[in-house]
Number of protein chains: 2
Amino acid sequence: MTKDASELPEVPDQVTNQVADEPEIPEQLSAALNSLSPSDALRELLSLSPQARLDALLALSPALAANLLAQAPNETAVEIVGHLEPDRAAEILALLQSDVQADLIGELGTSGAEAILSELEFESASEIRRLSAYDGDTAGGLMMAEVFRFREADTVGKVLRDIASADDDFERYRGQHPYITDDNGHLKGVASLRGLLTAKRSATLQSIMTVPISVSVDTRLDELEDLFDAHPFLGLPAVDDFGVLVGVVARSAVAEAVLERAETQSLKRQGLVGDELRSMPLWLRSRRRLAWLSANIVLNIIAASVISAYEATLAAVIALAVFLPMVSDMSGCSGNQAVAVTMRELSLGLVRPIDAFRVWLKEISVGVINGIALGLLIGLVAWLWKGIPALGLVIGLALALNTMLAVSIGGVVPLLLKRIGQDPAVASGPLLTTVTDMAGFFFVLSFATVMMPWLVK
Amino acid sequence: MTKDASELPEVPDQVTNQVADEPEIPEQLSAALNSLSPSDALRELLSLSPQARLDALLALSPALAANLLAQAPNETAVEIVGHLEPDRAAEILALLQSDVQADLIGELGTSGAEAILSELEFESASEIRRLSAYDGDTAGGLMMAEVFRFREADTVGKVLRDIASADDDFERYRGQHPYITDDNGHLKGVASLRGLLTAKRSATLQSIMTVPISVSVDTRLDELEDLFDAHPFLGLPAVDDFGVLVGVVARSAVAEAVLERAETQSLKRQGLVGDELRSMPLWLRSRRRLAWLSANIVLNIIAASVISAYEATLAAVIALAVFLPMVSDMSGCSGNQAVAVTMRELSLGLVRPIDAFRVWLKEISVGVINGIALGLLIGLVAWLWKGIPALGLVIGLALALNTMLAVSIGGVVPLLLKRIGQDPAVASGPLLTTVTDMAGFFFVLSFATVMMPWLVK
């Protein structure tokens, strides 16, 4: 807390322009980036061509480059690190927190990762290897290996001297309490600030420590979120299967992981797997989006085959074609609302897969009301627009039924997908839309076939 | 950090069942809720009928009730508090942090809020009134009024005694550093832990304090996010227009607000304004969803009028009706992908409204590639399915052009909406879909009209 508020950079427009105008001079560019706030600097960096981006990073101080990498979305950071020379990458990597290091190394290909790790000191390299082996959504994947660690026989005075020592960069512990282990590294206790300040300096930590709440390296994100909600701690110590203290999960790391999960889900619902950013190569962005769109085209063809089966009915009452997209689109919207509510309740932990029936009861109530309301509305529109009362009946009834079907599927499908171990964010939407399209077309065209005598004037 | 890990509750299934099975006995229910983890307890509470929920809350200890309220999504908490008797609501409210208090009071109606505030002590009531006046997405709306506050003439010894004092609940400051003001409350400095531990106990705070980074009560969420990204602090002091220290913004409050914004946006894209939870009253959920769906129906009618204008073409080539929903739906999906990427880049601060042209260039490149790929695919399908080469040409060309149009609109519209002060999360989707529907229908049917001689066998 030593920086002066006046050091905070203003963001003058001319600096921003300077970045865009003179990408050919890396030194000037890095000076300009230096004067921006982290998020402005990151935006300017990402707006450069891949080559100019690398040149700029090489001209930046390793500290600033590390800062920008830590800010960048994970995929971008991985891409940038992958393009740097291993020694330069290692130099920047060494300045990052161990959890960020492990994320980056974990997502680089094996050969790229090893090239960089071989440039690092043996100790940090093996620590990064160890951390990158954990699943990203567990305490092991989220923890940092830097632990403010003491032995039972250490004195209060030693802790206070460590805190006060200018040599030790206290901030890298992000506000941890002192954790106390036995000689074999087993977590034994934690010392509170109050305990440290009220005890004699000669007291051993063993005499003032309390039993800490700890997590296993396998503890999952949901449970970590719960623990941090329930307790005001800034970090929780993580132990391995033998009770050895191996890291500390920071509250901020959990909060960031939860935010990222929410954003990834919202992207996945549009078929965007991974973090697409416009700074990524064109072919990659194109290919990723196409993968999902092509699968979607197949589902669309299946749905369209229902229309194809009723071409005779359509030919007799061509006005039906006007309302087909409307019925399927409106039901799709109703169903997507139900999907969104379920996804949110899932992420808040307010609903579980076994609650599917309860959720369906809640959704079908809304579906009946909204189905009748929308059916009446669109039925009236169809009748008045085309002047055929029976058309209004066919379209209105089809939309009402299809709305009820859509909210039922939309509310429940994410839970069923989750139960069978599929990712509900990816599959719910396409599944829902295909069924509501097919059912919508079928309702309209089969009702029309039955009502044909009243439809043809 | 005094609780034992063994105190952490397991969640036995029978307890969960007990909650569901015996909602008529509030005491047993609250005992059962007591034994659950906060998020499990909240889920059980929300799954009860509104009356049973109130009964359960009345039987709970105020501390547990406060804990559950602090966990609950904001709208739910407001609804629950609104149904409690004012004295009971005040009793629970008094146990919450000042920022949570202010959020709840701010969203209750005036009369409900005043009834509760009149039950509180004058001092806390006026503090809550003051806090609830700030915009929720500013430092003023996010800060807590509890400040670990000292005068310049106070000694280091006084701070250490305050920290060590068992009377003072140190945890409610959530790890703040001691902030130092002059006699008129103007923020003058901050004391680091290291400064406190290395200085003599008789030293004044004035002699060891450093100039803090502070924010104004009007500082917006984006800027706060940037500051916490750039600095490792757990809190930032907030000052009013006169430089008076009025509160502290905690890192955790900012992280929570960012997460909430991301989730709200994802819901808004489906036309769910406000935090819908299935525990809310049926009529409210129905009405909110219908509001957006009804607006959507009008847009659908506008799009459908394009089909209606070409009924003669459709009647001549009935197979066109099979492909109309496919073309509009596929383009809608492509456009929504572009919307999702822009919304994400907006929330990451990687793109600004003035970057619209740059974004368009990036999108149209993807649009041309994907448009040609999808157009060829669907053109081939149409040709082979219906055996008419010209039909393949019409459908393929329409989808290719409409995909390019859709990604252009999808990438840029959120930025334009943001520039004119509209919420891009709400309006982007419906705007996009209406335009891509209309354009898709128009492309297919107008090309077909021109190509009629080759379409009719």
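Residues numbered from 1 in each chain as written. Chains lettered and ligands numbered in written order. Predicted model: local features only at pLDDT ≥ 70, side-chain atom pairs only at ≥ 80, totals over all residues. Heavy atoms only, no water.

Trainee: For the overall build of chain A, give the residues involved together with the corresponding values.
Mentor: Within chain A, the regular secondary structure consists of 23 helices and six strands. For 457 residues, the compact-globule estimate of 2.2 N^0.38 gives 23 Å, and chain A exceeds it by more than 25% at 30 Å. Taking the principal axes of its C-alpha atoms as reference, chain A extends roughly 100 × 55 × 45 Å. Burial status across chain A gives 57% buried among its 457 residues. (Helix = DSSP H or I, 4+ residues; strand = E, 2+ residues; numbered from the N terminus. Rg over C-alpha atoms; globule rule 2.2 N^0.38 Å. Buried < 20%, exposed > 50% of the residue type's maximum accessible area, 1.4 Å probe, protein only.)

Trainee: Please provide a residue-by-residue account of the pattern of salt bridges, values included.
Mentor: Using the criterion set out here, one finds 30 salt bridges over all chains in the structure. For Glu-363 of chain B, the salt bridge is made with Arg-289 of chain A, and the minimal N-O distance between the two is 2.8 Å. Remark: Arg-289 of chain A occurs in helix 17 (residues 282-309) and Glu-363 of chain B occurs in helix 20 (residues 356-386); the pair is interchain, linking two chains. Here Glu-363 of chain B matches Arg-289 of chain A in class, with each residue buried. The closest approach of N and O atoms between Lys-386 of chain A and Glu-311 of chain B, which form a salt bridge, is 2.7 Å. (Salt bridge = Lys/Arg side-chain N within 4 Å of Asp/Glu carboxyl O.)

Trainee: So what about the UniProt feature "transmembrane region" (unreviewed entry) in chain A? Which residues, and what values?
Mentor: Sequence positions flagged by UniProt for "transmembrane region" (unreviewed entry) are, in local numbering, residues 290-310, 364-385, 391-417 and 438-456 of chain A. Structurally, residues 391-417 of chain A comprises 100% helix and 0% strand, and the distance from its first C-alpha atom to its last is 37 Å. (UniProt positions renumbered as here; feature names shortened; annotations may be inferred.)

Trainee: Can you tell me about the domain arrangement of chain A, naming the residues and giving the values?
Mentor: All names here are of chain A. When cut into domains, chain A gives domain 1 (12-142), domain 2 (149-268) and domain 3 (282-455). Using C-alpha coordinates to define each centre, domain 1 is positioned 27 Å away from domain 2. On the domain 2 side, the residues contacting the ten residues of domain 1 number 15 residues. Interface area for domain 1 against domain 2, summed over the two sides, is near 1000 Å², with a carbon-plus-sulfur share of 50%. When the area that domain 1 buries against domain 2 is broken down by residue, the three leading residues are Asp-137, Ala-139 and Leu-142, summing to 51%. The interface formed by domain 1 and domain 2 includes one salt bridge. Across the pair Arg-220 and Asp-135 runs a salt bridge whose closest N-O atoms are separated by 3.7 Å. Counting across the domain 1 and domain 2 interface gives five residue pairs in polar contact (both at pLDDT 80 or more). Of all the elements, helix 11 (residues 139-142) adds the most residues to the side of domain 1 that touches domain 2, at three residues. Its residues assigned to classes, the side of domain 1 that touches domain 2 comprises three nonpolar, three polar and four charged. (Domains from an automatic or database assignment. Contact = heavy atoms within 4.5 Å. Buried area = accessible area lost by both parts, 1.4 Å probe. Polar contact = N/O pair within 3.5 Å; in protein donor to acceptor, adjacent residues only side chain to side chain. Nonpolar A, V, L, I, M, F, W, Y, C, P; charged D, E, K, R; others polar.)

Trainee: Tell me what's going on with the interface of chain A and chain B, and back it up with residues and numbers.
Mentor: Listed per partner, the contact involves 125 residues of chain A and 124 residues of chain B. Of the roughly 11300 Å² buried between chain A and chain B on both sides combined, carbon and sulfur atoms contribute 65%. Where chain A touches chain B, the interface holds ten salt bridges. Where chain A packs against chain B, one counts 17 residue pairs in polar contact (both at pLDDT 80 or more). Among the elements that make up the side of chain A that touches chain B, the one with the highest residue count is helix 19 (residues 320-347) of chain A (17 residues).

Trainee: How would you summarise the sheet that holds strand 1 (residues 149-151) of chain B if you had to cite specific residues and measurements?
Mentor: Residue and element names in this part refer to chain B. Reading across from one edge, 1-2-3 is the order of the three strands in this open sheet, with mixed pairing throughout. The sheet is open, and its two edges are formed by strand 1 and strand 3 (187-190), each paired on a single side. Neighbouring strand axes in the sheet, compared pairwise and without regard to direction, differ in orientation by 35° on average. Pairing geometry for strand 2 (residues 179-181) and strand 3, over three bridges, is antiparallel. Paired with Thr-181 across the two strands is Leu-187, which belongs to strand 3. (Pairing = 2+ DSSP bridges. Axes fitted to C-alpha atoms, helices over the stretch in contact; angles between N-to-C directions.)

Trainee: Can you lay out the packing of helix 19 (residues 320-347) of chain B against helix 21 (residues 389-419) of chain B for me, pointing to particular residues and giving the numbers?
Mentor: Between two packed helices, the angle of one axis relative to the other and the distance separating the axes together describe the packing. Residues and elements named next belong to chain B. Helix 21 packs onto helix 19 with a crossing angle of 30° between their chain directions and a minimal axis gap of 8 Å. Taken together, the axes of helix 19 and helix 21 are roughly parallel relative to one another. Considering the relative orientation of helix 19 and helix 21, their crossing is right-handed. Facing Leu-320, Phe-323, Val-327, Met-330, Ser-331, Ser-334, Gly-335, Ala-338, Val-339, Thr-342, Met-343 and Leu-346 of helix 19, the residues of helix 21 in contact are Leu-391, Ile-395, Leu-399, Asn-402, Thr-403, Ala-406, Val-407, Gly-410, Gly-411, Pro-414, Leu-415 and Lys-418. (Parallel < 35°, antiparallel > 145°, perpendicular 65-115°, else oblique. Left-handed = near helix turned anticlockwise from the far one by under 90°.)

Trainee: Before we move on, can you summarise the pairing of strand 5 (residues 235-239) of chain B with the specific residues and values?
Mentor: The two faces of a sheet get side chains in turn, since along a regular strand they alternate between them. Residue and element names in this part refer to chain B. With five of its five residues buried, strand 5 lies for the most part within the structure. By the bridge criterion, two bridges tie strand 4 (residues 215-216) to strand 5 in an arrangement that is parallel. Looking across to strand 5, one finds that Val-215 is bridged to Ala-238. Bridging between strand 5 and strand 6 (residues 245-250) involves five bridges; their strand directions are antiparallel. The residue of strand 6 that forms the bridge with Leu-236 is Val-249. What sits between the antiparallel neighbours strand 5 and strand 6 is a turn of five residues, in which Gly-243 has the positive phi angle 80°.

Trainee: So what's going on with the relation of the copies chain A and chain B? Which residues, and what values?
Mentor: Comparison of the two chain copies shows a relationship of rotation about an axis with a shift along it. Laying chain A over chain B is done by rotating through 180° and shifting 0.0 Å along the axis; what remains is an RMSD of 0.1 Å. Such values leave the two copies arranged in the relation of a two-fold axis. (Least-squares fit on C-alpha atoms with pLDDT ≥ 70 in both.)

Trainee: Describe helix 3 (residues 38-46) of chain A, naming the residues involved and giving the relevant values.
Mentor: With nine of its nine residues buried, helix 3 of chain A lies for the most part within the structure. Regarding helix 3 of chain A, the residues found buried are Pro-38, Ser-39, Asp-40, Ala-41, Leu-42, Arg-43, Glu-44, Leu-45 and Leu-46 of chain A.

Trainee: Provide a residue-level description of the UniProt feature "domain: CBS" (unreviewed entry) in chain A, including the pertinent values.
Mentor: According to UniProt, the positions carrying the feature "domain: CBS" (unreviewed entry) are residues 208-264 of chain A. Between the C-alpha atoms that bound residues 208-264 of chain A the distance is 44 Å, and the span itself is 44% helix and 23% strand.

Trainee: Outline helix 21 of chain B, listing residues and values.
Mentor: Residue and element names in this part refer to chain B. When the terminal C-alpha atoms of helix 21 are compared, their 45 Å separation across 31 residues agrees well with the 45 Å that a helix rising 1.5 Å per residue should span. The principal kink in helix 21, of about 35°, is found at Val-412, preceding the proline Pro-414 by one to four residues. Counting buried residues in helix 21 gives 23 out of 31 residues, a clear majority hidden from the surface. A positive backbone phi angle near 80° is found at Gly-421, which sits one or two residues after helix 21. (Expected span 1.5 Å × (residues − 1). Bend = angle between axes of the 7 residues up to and from the residue.)

Trainee: Residue-level account of the sheet that holds strand 5 of chain B, with values.
Mentor: Here three strands make up an open sheet; going across it, the order is 4-5-6 (chain B) and the pairing mixed. Every interior strand has two partners, whereas the edge strands, strand 4 and strand 6 of chain B, have only one.

Trainee: Before we move on, can you summarise a negative patch on the surface with the specific residues and values?
Mentor: Where like charges cluster on the molecular surface, the negative patch consists of Asp-103, Glu-107, Asp-137, Glu-256 and Glu-260 of chain A together with Asp-229 of chain B. Secondary structure elements with two or more residues in the negative patch: helix 8 (98-107) and helix 16 (251-268) of chain A. Within the element layout of this structure, Glu-260 of chain A appears in helix 16. (Patch = residues over 30% accessible without salt bridge, like charges linked within 9 Å, V, L, I, M, F, W, Y side chains within 5 Å. Areas by Shrake-Rupley, 256 points an atom, 1.4 Å probe, with all protein chains shown as cover. Lys, Arg positive; Asp, Glu negative; His and termini not counted. Charge placed at Lys NZ, Arg CZ, Asp CG, Glu CD.)

Trainee: Explain a positive patch on the surface residue by residue, including any values.
Mentor: Residues Arg-161 and Arg-201 of chain A together with Arg-161 and Arg-201 of chain B make up a contiguous surface patch of positive charge. Topologically, Arg-201 of chain B is positioned in the loop between helix 13 (193-198) and helix 14 (205-208).

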